[in-house]
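Geometric and topological summary
As a plain string of letters, each chain reads:
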Amino acid sequence: MSAAPAGVPQQETAAAAAVSVKRVSKVFGDVHAVREASFDLPKGRFLTILGPSGSGKTTLLRMIAGFDAPTEGDIYIGGQPVKAVPPHKRAIGMVFQKLALFPHMTAAENVAFPLKMRRHDARTIPEKVERYLELVRLGGYGKRRIDELSGGQQQRVAIARALVFEPDLLLLDEPLAALDRKLREEMQLEFRRIQKELGVTTINVTHDQREALVVSDEIVVMDGGEIQQMAQPVHTYRTPANAFVANFIGVTNFLEGSVVETSNEAIALSVGGMRVKGVAGGTAKVPAQGELAAGALRAEQIRIAPTVQGFSGLANVVSGEVRDAIFEGERIVYEVVVPELGGAVLRVFDHDAESHQQFGPGDSVALGWNAKDMYIFKK
Amino acid sequence: MRPSRAAYPIRWRVMDILEQVAGKLWPRSFSAGLPYLMLLPALLLVGVLVWGLVEIGDSSLRTLDTSTFLMSENYTLANYQRALSERFFTTVAGRSLMGSLIVTVVTLIFAFPYSYLMVRTQSSALRKFLLVALFLPFFIGQVVRAYGWLIILGNQGMVNEALGLVGVTPIRLLYNYPAVLFGLVQYMLPFAVLMLAPAMTAIPAELESAASSLGANWISSFRHIVLPLSKPGLVGAGLVVFTLSLTDFAIPAILGGGSQDFIANAIYDQFFRTSDQGMGATLSLLLVAVGSILVGLVFMVFGAGTLAMGGDRK
Ligand SMILES: Nc1ncnc2c1ncn2[C@@H]1O[C@H](COP(=O)(O)OP(=O)(O)OP(=O)(O)O)[C@@H](O)[C@H]1O
Ligand SMILES: [Mg+2]
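The model shown is predicted, which means the values in this text are computed figures rather than measured ones.

Within chain A, the regular secondary structure consists of 9 helices and 20 strands. Reported as C-alpha extents along the three principal axes, the dimensions of chain A are approximately 75 × 55 × 35 Å. By residue count, 50% of the 379 residues in chain A fall in the buried class. Looking at chain A, you have 43 positive and 45 negative side-chain charges, and the mean spots of the two groups are 6 Å apart.

See below:
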């Protein structure tokens, strides 16, 4: 109805997407919780909204679910604007951060609740409930009360309850945050299995970057209420759009300096007097000569060796002194002080610690990396 | 300013001295007995109550000799027979029980939305207002409040004067059953709200969001989620309101004007008007019995955990 002439083509793209968020903002008093967020999510995809605490993830999710109205902007679900649709009329299944299972009902009654509320044929309900309990591997647990289930089992009841009425959209607000790491990783894979099996469009919120990388088809990175990047996990990791994303995902070293040379994609920075070569990162404007910039370099892209021998193919080679070596099980993390780079401390992963030499604090080492592995962002 | 003293403040020194004194009076080896020692005041209090009950039980078994105005020497159940058969007493009992039941139901119906709003509202100003409005009546005693109603509802009261302005002849608003019930509901409301509010605070707002995302409109969400989960609060509040109403004295006396006596008024009359201690004691015991049986029944039906304000819930 409110579609201005300019809005017509927009609505057409919205029709193709299961969820479409258009320039949505939410203001609480003087807090801008979400600023002009926009994205389209095709049907059947698994999207994760990733961001630090307070970045507006929950707020965005609550607006999609219909618990809060956007201050500005519009949300389309299945191509329809949902501004005037209350939550109970939206076909959205939601799993809450604290699960919000009904404590006075059994697991089966919890799962049956949405079916009863949506007036499904009473005769089909028990069969459906059992089918979904089996889907989450809780067959036979229906008669248990909620407090007689373990944390992971409760989690799965909540998922079954959100899925049983075959919603168009599944929303997950950090439902795994409270679990211990092993169970969390199991549940992440479980999510992915169920989502693929049912093909339901899903939006998942988390601040666990590993979870985002593991389960998602698409990742939206948020910070300060703004969307920083929307991309597939591989791209989010390999080609971060800006310094924030590079820093938030993975372990990243930042080398700051002024630009001394630019040619096409290649950029050279002067860091503590040394020339460091990298490539332009992200979609923002390439920094010009003389401007301040930061080079982002992942800890696993740096090679470490006792001497520079064998580093001949690398564009950047420096030497430094190990300050600390941290054993993390599958890898060793070295902190290396590099005087050539103005005393910068680089974190370096060594995943293959068995096969070659290990270093200890005080050892002199050589570090090297490719120019294409260092993304340079304008400051 | 004086660092040497600040380093070892006077309060600490006083505490040290107290601790030493306590150590002398109650050596460590006695420490296992400490919890029992702390129970002592409560036990004393209960003991006094039990003793009083025994005394009342004793009087209830003696009848009043109307010629000498002395209590009979030998025990008899005559008082109980009278209490259960005489028309006057059964009427009073019926009126009190029925009245308390109505008051309980009506109070809970009013208190429920009030506490819900108080617990759930986003506006802290509204919450404060509701809390103050709730506590204000506590500062005014029951008797004063009842007299307040006399001023408002009396034949020359404010309501009738206002009605007079529009040409309605004065209506008798006081000294009848509804007036007493009205006064009781108004008196009980804060108690009920104060008992309901914690039970409702224990229901996470997320449960209601979840219900609505699962397809429940607010009526269903209220019926299937809020109401069942408030049960402990409702049972507790109902029990308190019922027993307080059943044993109330001032409101039936003042707003009922002597024509609407509850059990407590009848007991008062027996003790202080007819001086029949035996009958007064009998009625008192019967009242205690009804109250105890009721609490016992509620515990049996809902479990003793209900009054612990959802202590058995996570
Ligand atoms: N009801 C509210 N009233 C006022 N401010 C709010 C409200 N809800 C959220 N905010 C603010 O909006 C911002 C975003 O909050 P939001 O809950 O969306 O963060 P989040 O990304 O979900 O964080 P977390 O990872 O900690 O859950 C925060 O600064 C928060 O304080
Ligand atoms: Mg959140």
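Let's pick the thread back up.
This part covers helix α6 (residues 181–198) of chain A. All names here are of chain A. An ideal rise of 1.5 Å per residue puts 26 Å on 18 residues; α6 measures up with 26 Å between its terminal C-alpha atoms. Burial in α6 covers these residues: R184, M187, Q188, E190, F191, I194 and Q195. Its buried side turned inward, α6 meets β3 (46–50), α4 (125–135), α5 (151–163), β7 (169–173), β8 (201–206) and α7 (209–215). Two residues or fewer after α6 comes G199, characterised by a positive phi angle close to 65 degrees.

Residues and elements named next belong to chain A. Within the structure, ligand 1 sits among 13 residues, and S53, G54, K57, T58 and T59 are positioned closest to it. T58 is positioned with one of its side-chain polar atoms (N or O) 2.6 Å from an oxygen atom of ligand 1. The contact in question runs from an oxygen atom of ligand 1 to an N or O atom on the side chain of E174, over 3.2 Å. Look at ligand 1: alone it shows 630 Å² of surface, and the protein chains cover 61% of it. Secondary structure elements with two or more residues in the shell around ligand 1: β2 (31–42) and α2 (57–65). For the shell around ligand 1, the element with the highest residue contribution is α2, accounting for 3 residues. Split by residue class, the shell around ligand 1 holds 4 nonpolar, 7 polar and 2 charged.

Right, let's talk about the confidence of the model for chain A for a bit. Put simply, chain A has an average pLDDT of 89, and 94% of its residues get 70 or more. Below pLDDT 50 for its whole length, residues 1–15 of chain A participates in 10 contacts with residues either more than four positions away or in separate chains.

Turning our eyes to something else, we now look at the packing of helix α5 (residues 87–120) of chain B against helix α6 (residues 124–139) of chain B. All names here are of chain B. It is at 8 Å that the axes of α5 and α6 come closest, and there the two elements cross at 140 degrees. In terms of their interaxial angle, α5 and α6 are classed as oblique. Considering only the axes of α5 and α6, their crossing is left-handed. Contacts between α5 and α6 pair Y114, L117, M118 and V119 from the former with L126, R127, L130, L131, A133 and L134 from the latter. For the contact of α5 with α6, the per-class residue count stands at 9 nonpolar, no polar and 1 charged.

The predicted coordinates ought not to be read in detail in places where the model reports low pLDDT. Residues and elements named next belong to chain B. When pLDDT is averaged across chain B, the result is 88; 95% of the residues are at 70 or more. Summarising per-element confidence for chain B, the mean pLDDT is lowest in helix α1 (residues 3–7) (59) and highest in α5 (95). Confidence metrics for the complex model read pTM 0.78 and ipTM 0.77.

Residues and elements named next belong to chain A. Reading across from one edge, β15-β19-β16-β17-β18 is the order of the 5 strands in this open sheet, with antiparallel pairing throughout. Here the strands that pair on one side only, and so sit at the sheet edges, are β15 (303–305) and β18 (344–350). The average angle at which neighbouring strand axes cross in this sheet is 40 degrees, direction not considered. Here 7 bridges tie strand β17 (residues 332–338) to β18, and the two strands are oriented antiparallel to one another. Within the sheet, the bridge partner assigned to I332 lies in β18 and is D350.

Conventions we followed
Residues numbered from 1 in each chain as written. Chains lettered and ligands numbered in written order. Predicted model: local features only at pLDDT ≥ 70, side-chain atom pairs only at ≥ 80, totals over all residues. Heavy atoms only, no water. Helix = DSSP H or I, 4+ residues; strand = E, 2+ residues; numbered from the N terminus. Buried < 20%, exposed > 50% of the residue type's maximum accessible area, 1.4 Å probe, protein only. Lys, Arg positive; Asp, Glu negative; His and termini not counted. Charge placed at Lys NZ, Arg CZ, Asp CG, Glu CD. Expected span 1.5 Å × (residues − 1). Contact = heavy atoms within 4.5 Å. Near = heavy atom within 4 Å. Polar contact = N/O pair within 3.5 Å; in protein donor to acceptor, adjacent residues only side chain to side chain. Areas by Shrake-Rupley, 256 points an atom, 1.4 Å probe, with all protein chains shown as cover. Nonpolar A, V, L, I, M, F, W, Y, C, P; charged D, E, K, R; others polar. pLDDT = per-residue confidence, 0-100. Axes fitted to C-alpha atoms, helices over the stretch in contact; angles between N-to-C directions. Parallel < 35°, antiparallel > 145°, perpendicular 65-115°, else oblique. Left-handed = near helix turned anticlockwise from the far one by under 90°. Pairing = 2+ DSSP bridges.

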